[in-house]
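Structural features, examined
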Amino acid sequence: MKEVENILNELNTAQQEAVQCIDGPLMVIAGAGSGKTRVLTYRIAYMLTQGIDPFRILALTFTNKAAAEMKERIFKLVGGSNAKSVIMGTFHSVFYRILRAEGDKLGYTHNLTVYDTDDSKSVLRSIIKEMNLDPKVYVVNTVLSRISSAKSSLLSAEEYANNHEITQIDAANGRPHIAEIFIRYNRRLKNSDAMDFDDLLYYMNVLLRDFPEVLYKYQNRFQYILVDEYQDTNYAQYMIIKKLAAAHQNICVVGDDAQSIYAFRGANIQNILNFKRDYPTARVVKLEQNYRSTQNIVNAANAIIKNNKDQLFKEVWTSNEEGDRISIVQSASDNEEAQFVANTISDYKVNYHVDNNQFAILYRTNAQSRALEEALIKRRIPYKIYAGVSFYKRKEIKDILAYFRLTINHYDEESLRRVINYPQRGIGATTVEKVIICAREHKVHLWDVVDNPDAFQLDVNTAAKVKLQEFATKIKSYTAMLQTSNAYDLGKHIAFNSGLIDELKSDITEKERLENVEELLDSMKEFTEKEPETSFNEETGEIITEYFPSLDRYVENVALLIDDDQEKEKDLDAVKLMTIHAAKGLEFDYVFLTGMEENLFPSSLALNTRQELEEERRLFYVAITRAKKKLTLTHCKTRYKFGSLQFCEPSQFLDEIPECYIKTTKKASAGRGAFAQQRQGGLFSKSYPSTFTTNLKPVASAQPKPKVIDNPLAAQVGRPATLEDIEEDTRVYHSKFGYGMVVSTEGEGPEMKAIINFDTVGTKTLLLKFAKLIIPN
DNA sequence: ATGGAGACCTTTTTT
DNA sequence: AGGTCTCCAT
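Residues numbered from 1 in each chain as written. Chains lettered and ligands numbered in written order. Predicted model: local features only at pLDDT ≥ 70, side-chain atom pairs only at ≥ 80, totals over all residues. Heavy atoms only, no water.

Take the overall build of chain A next. Helix and strand content of chain A: 33 helices and 23 strands. With 777 residues in all, chain A has 54% of them scored as buried. Restricting to contacts in chain A with at least 6 residues of sequence separation, those with at least 24 account for 75%. As displayed, chain A has an accessible area near 34,500 Å², and 49% of this comes from carbon and sulfur atoms. (Helix = DSSP H or I, 4+ residues; strand = E, 2+ residues; numbered from the N terminus. Buried < 20%, exposed > 50% of the residue type's maximum accessible area, 1.4 Å probe, protein only. Contact = heavy atoms within 4.5 Å. Areas by Shrake-Rupley, 256 points an atom, 1.4 Å probe, with all protein chains shown as cover.)

If you want it as structure tokens, here you go:
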């Protein structure tokens with residue numbers, strides 16, 4: 001174990017203060033790149049050197065990755081079982097563990113299943129169908145988000161239904177039945193002995209609220225609480241923390257209000273802004289020295305975030321070198337933007353011998369990745385996209401996990417429905433429907449009917465009944481093995497015995513899915529052989545150092561896991577592509593932030609309120625502060641959106657960067673005037689032919705891209721027209737028809753048309769997205 | 001039962 | 001454009 005002095009010597013003054021202040025409430029405002037994780041881990045290490053019992057320390061994170069990383073780093077600092085024994089994990093996983101132990105008080109069992117978002121949606125779909133509601137009105141996503149935010153605000157379904165304000169909003173939106181759906185949804189989950197993600201927080205609150213002895217127990221257990229990313233907590237999380245910390249007040253929250261970017265998921269920035277109000281005696285430590293980025297980047301980021309009203313004061317600074325100025329580059333189209341980025345990366349690699357993995361290309365929306373990918377492929381630059389479906393959300397993985405879950409919990413309705421006829425075993429949709437109706441009529445579980453159709457006078461033919469019972473028998477045979485076979489043995493048995501493996505093998509195109517199942521089995525093997533982590537019995541507080549690695553243990557662990565192949569990713573030398581959200585917490589030498597355009601970033605959907613715009617600005621702040629050495633912002637004049645070509649204006653955020661940090665000057669005028677400005681020069685002045693040729697094999701989807709609107713005449717006679725330009729009596733120039741006057745317009749957005757009376761060729765009706773009109777000088 | 005055509009809808013997404 | 005969902009035809 002490291003000595004106390006050593007731990008403290010590696011920290012600056014503010015960091016030391018944050019580390020040593022272990023009693024009483026503390027808020028650490030950690031600016032970007034200020035060594036937040038370092039403080040968190042050193043703080044825990046420090047506490048351990050002070051003789052604090054690791055079992056008394058609770059550290060909550062938002063991601064499994066963050067928890068794992070912290071664990072590893074603490075282990076390196078202090079080593080041994082001490083580090084392992086700190087209760088560290090995501091909000092959801094820690095509370096899931098507690099709820100499994102205490103859930104009987106709320107009418108759940110210790111086999112409690114967690115439904116992920118897909119499961120929730122599937123339940124909702126079936127309820128909406130059962131209620132004969134129009135799925136086009138009751139859009140699953142909308143309904144789920146209503147329910148989710150209610151739960152995050154600790155509103156029960158009944159309170160929701162009885163709240164006039166809420167029901168009136170729903171009614172006004174034409175969805176008066178959401179409250180009823182909510183009630184049924186909860187009932188369905190309860191009946192399945194399942195909780196969704198929000199329930200894990202909601203019921204943890206209920207537990208602490210309604211059972212004083214439980215509250216007392218955990219207040220006593222967790223005498224030191226640390227919360228990472230506090231700015232992203234929602235109300236439910238906030239309340240849990242508040243209740244747990246109420247007795248001892250040893251609560252340390254770490255975060256950065258400037259990096260709060262998850263309001264759309266219920267995160268409430270007020271939690272961090274109001275910490276002082278909640279804990280008047282709280283100490284506040286600000287980590288303001290940035291160790292990551294150049295002065296230009298840090299200063300630009302500071303200047304931008306100043307435009308937000310909701311924030312805590314802090315002045316981030318760095319002693320790093322001044323560095324390159326920020327480049328702003330305009331391209332004619334999204335494809336050219338992508339080519340520019342790829343070419344620049346190539347240049348850097350050649351000139352400065354930079355590895356691929358020091359580059360990141362960031363964007364606001366996932367859809368933007370395609371053009372970038374194609375350009376990188378052309379340039380033969382290895383890349384990896386960080387997005388898409390996580391391993392545990394893949395169909396084949398969910399299928400096999402559904403078998404596991406059903407084995408453990410027969411009442412898990414979603415799992416039952418998922419696998420009852422997959423692989424096909426002659427239990428068709430009609431039979432399943434009848435089972436559902438029958439179960440609802442008798443108010444029993446689907447499983448009960450499947451297991452014993454005759455007991456409930458199920459109205460299907462004998463053959464179907466036999467098949468149902470065969471299925472139930474099969475599952476029960478798995479259940480019987482839970483105590484005798486370890487997770488790997490049973491998992492493998494189920495994979496083969498259920499027919500799942502054969503099903504995947506039979507279809508040659510499913511090879512990847514088969515491999516994924518094999519990978520899952522590998523991970524089960526690893527789990528089975530792994531030395532168990534120290535745990536403790538929630539009920540008795542007894543420390544458990546050994547347990548049988550059974551399937552239910554495995555599922556418990558995997559239920560809330562997302563990342564899988566972190567290890568592989570670490571040494572992968574590839575350019576990284578991801579959304580800005582996904583980039584939070586990461587850093588790269590060279591960052592390209594693409595699509596700096598109005599309506600894309602900031603998103604057109606975030607322009608309604610100041611709060612929304614401020615969140616976009618924080619997102620911009622996060623993006624900028626990812627860069628260590630060099631930041632390049634790109635935007636283009638046209639971009640394909642939803643399949644049609646759109647004109648784009650530079651993002652208003654570009655105007656917020658003081659010119660002294662920008663490589664190429666940018667005139668102050670925003671909006672129209674800024675549109676035609678050229679932003680080239682310096683390092684990026686080199687132009688690349690737009691028909692960049694290589695002798696490589698063509699890109700996967702090598703369809704010829706529609707020719708970009710890039711009219712060379714524009715520079716001579718005027719600027720390209722935007723949709724907003726076109727109105728009655730607007731004077732325009734067309735490369736083929738010459739000058740003319742707009743007579744009238746019809747339609748909106750990409751489909752907007754204009755009737756134009758041309759001086760020489762007469763009246764024409766033009767679809768504006770194709771017309772390449774120019775506003776004459 | 002199963003698959004193909006067409007309609008529809010697009011932000012971000014730690015669990 | 002592209003993915004997902006629905007519905008209809010086979």
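A word on the pairing of strand β2 (residues 57-61). With five of five residues buried, β2 lies mostly within the body of the structure. With four bridges joining them, β2 and strand β6 (residues 224-227) adopt parallel strand pairing. Along β6, the bridge assignment pairs Ala-59 with Leu-226. As defined by bridge partners, β2 adjoins strand β3 (residues 87-90) across four bridges and the pair is classed as parallel. Bridging across to β3, Thr-61 finds its partner in Thr-90. (Pairing = 2+ DSSP bridges.)

Bringing a negative patch on the surface into the picture now. Taken together, the side chains of Glu-518, Asp-522, Glu-526 and Glu-529 define an acidic patch exposed on the protein surface. Residue placement: Glu-526 occurs in helix α27 (residues 511-529). (Patch = residues over 30% accessible without salt bridge, like charges linked within 9 Å, V, L, I, M, F, W, Y side chains within 5 Å. Salt bridge = Lys/Arg side-chain N within 4 Å of Asp/Glu carboxyl O. Lys, Arg positive; Asp, Glu negative; His and termini not counted. Charge placed at Lys NZ, Arg CZ, Asp CG, Glu CD.)

With that settled, consider the packing of aromatic side chains. Across all of its chains, the model carries 18 aromatic pairs by this definition. Ring plane angle 55 degrees and centroid distance 5.0 Å describe the contact between Phe-62 and Phe-91, whose orientation is recorded as tilted. One end of the pair, Phe-62, is in the loop between β2 and α4 (64-78); the other, Phe-91, is in helix α6 (residues 91-102), and 29 residues separate them in sequence. For Phe-62, a relative accessible area of 28% puts it in the partly exposed group. (Phe/Tyr/Trp six-rings, centres within 6.5 Å; stacked < 30°, edge-to-face > 60°.)

This part covers the sheet that holds β2. One key point about sheets: their strands pair by backbone hydrogen bonds, in either a parallel or an antiparallel sense. Pairing in this open sheet of six strands is parallel, and the strands run β3-β2-β6-β7-β1-β8 from one edge to the other. Because the sheet does not close on itself, it has two edges, and the strands there are β3 and β8 (283-287). Here the strands of the sheet are splayed against their neighbours by 15 degrees on average, with no regard to which way each runs. Two strands pair when backbone bridges link them, and β6 and strand β7 (residues 251-255) are joined in this way by three bridges, in the parallel orientation. Note on β7: the bridge partner recorded for Ile-225 is Ile-251. Across the face of the sheet, α4 comes into contact with β2 and β3 while running at roughly 155 degrees to β3. (Axes fitted to C-alpha atoms, helices over the stretch in contact; angles between N-to-C directions.)

Let us now look at the pattern of salt bridges. Across all of its chains, the model carries 43 salt bridges by this definition. Residue Lys-151 is joined to Asp-199 by a salt bridge in which the shortest nitrogen-to-oxygen separation is 2.8 Å. Of this pair, Lys-151 sits in helix α8 (residues 140-152) while Asp-199 is found in helix α12 (residues 197-210), placing the two residues 48 residues apart along the sequence. By relative accessible area, which is 2% here, Asp-199 ends up buried. Ionic pairing is found between Asp-232 and Lys-584, a salt bridge with its closest N-O pair at 2.5 Å. On the criterion of sequence distance, the pair formed by Asp-232 in the loop between β6 and α14 (235-245) and Lys-584 in the loop between α30 (580-583) and β15 (588-593) is long-range, its members being 352 residues apart.

Right, let's get into the protein's contact with DNA strand C. In the vicinity of DNA strand C, the residues found are Arg-370, Phe-642 and Gly-643. Among all atoms of DNA strand C positioned within 4 Å of the protein, those belonging to sugar or phosphate total 36%. Between DNA strand C and Arg-370, the relevant distance is 3.0 Å, taken from a phosphate oxygen to a side-chain nitrogen or oxygen of the residue. Backbone polar atom of Phe-642 to a base nitrogen of DNA strand C: 3.5 Å apart, as the coordinates give it. (Near = heavy atom within 4 Å. Polar contact = N/O pair within 3.5 Å; in protein donor to acceptor, adjacent residues only side chain to side chain.)

The next point concerns the confidence of the model for chain A. Here chain A shows a mean pLDDT of 84. Residues at 70 or above account for 84%. Low confidence marks residues 665-716, where pLDDT is under 50. Its contacts with residues over four positions away, or in another chain, come to 92 contacts. (pLDDT = per-residue confidence, 0-100.)

To continue, consider the nonpolar core. Membership of the largest hydrophobic core comes to 53 residues, with the highest contact counts inside it found for Phe-404, Phe-471, Leu-551 and Tyr-554. Here the element with the most residues in this core is helix α20 (residues 395-408); it accounts for eight residues. Met-27, Val-94, Leu-154 and Ile-269 belong to the second-largest nonpolar core, a separate cluster that totals 51 residues. (Core = buried A, V, L, I, M, F, W, Y, C linked by side-chain atoms within 4.5 Å.)

This brings us to the packing of α12 against α14. With their axes 9 Å apart at the nearest point, α12 and α14 run at an angle of 30 degrees to one another. With respect to α14, the axis of α12 lies roughly parallel. In terms of crossing hand, the pair formed by α12 and α14 is left-handed. Contacts from Leu-201, Met-204, Asn-205, Leu-208 and Arg-209 in α12 reach Ala-236, Gln-237, Met-239, Ile-240, Lys-243 and Leu-244 in α14. (Parallel < 35°, antiparallel > 145°, perpendicular 65-115°, else oblique. Left-handed = near helix turned anticlockwise from the far one by under 90°.)

Quick look at the environment of Lys-398 now. Within the element layout of this structure, Lys-398 appears in helix α20. When its relative accessible area of 8% is taken as the criterion, Lys-398 is described as buried. The spatial distance from the C-alpha of Lys-398 to the C-alpha of Leu-654 is 43 Å, given a sequence separation of 256 residues. Ignoring sequence-local partners within four residues, the contact set of Lys-398 consists of Asp-116, Asp-118, Asp-119, Tyr-392, Lys-393 and Arg-418. A polar atom in the side chain of Lys-398 sits 2.9 Å from the side chain of Asp-116.

Attention shifts here to the pairing of strand β16 (residues 627-641). Of all the 15 residues making up β16, twelve are buried; the element is thus mostly covered by neighbouring parts of the structure. Looking at chain direction, strand β9 (residues 327-333) and β16 are connected through six bridges and run parallel. Bridge pairing links Ser-331 to Cys-636 in β16. Bridge count between β15 and β16: five bridges; the pairing is parallel. Directly across from Phe-588, in β16, lies its bridge partner Ala-627. Pairing analysis gives four bridges linking β16 to strand β17 (residues 644-647), with the strands arranged antiparallel. Bridge pairing links Lys-641 to Ser-644 in β17. Count of turn residues in the β16/β17 antiparallel hairpin: two residues, of which Phe-642 carries a positive phi of about 50 degrees.

The omega torsion across Tyr-422 and Pro-423 is -5 degrees, close enough to zero to call that bond cis. Looking along the chain, the bond that leaves Phe-601 and enters Pro-602 is cis, with omega of 5 degrees. Secondary-structure assignment places Pro-602 in the loop between β15 and α31 (610-624). With a phi close to 65 degrees, Leu-154 is a non-glycine residue in the positive phi region. Take Leu-154: it is sitting in the loop between α8 and α9 (157-162).

Here His-410 shows up in the loop between α20 and α21 (413-419). Considering only alpha carbons, one finds His-410 and Glu-512, 102 residues apart in sequence, at a separation of 29 Å. Setting aside residues no more than four positions away along its own chain, His-410 makes contact with Trp-447, Ile-475, Lys-476 and Thr-479.

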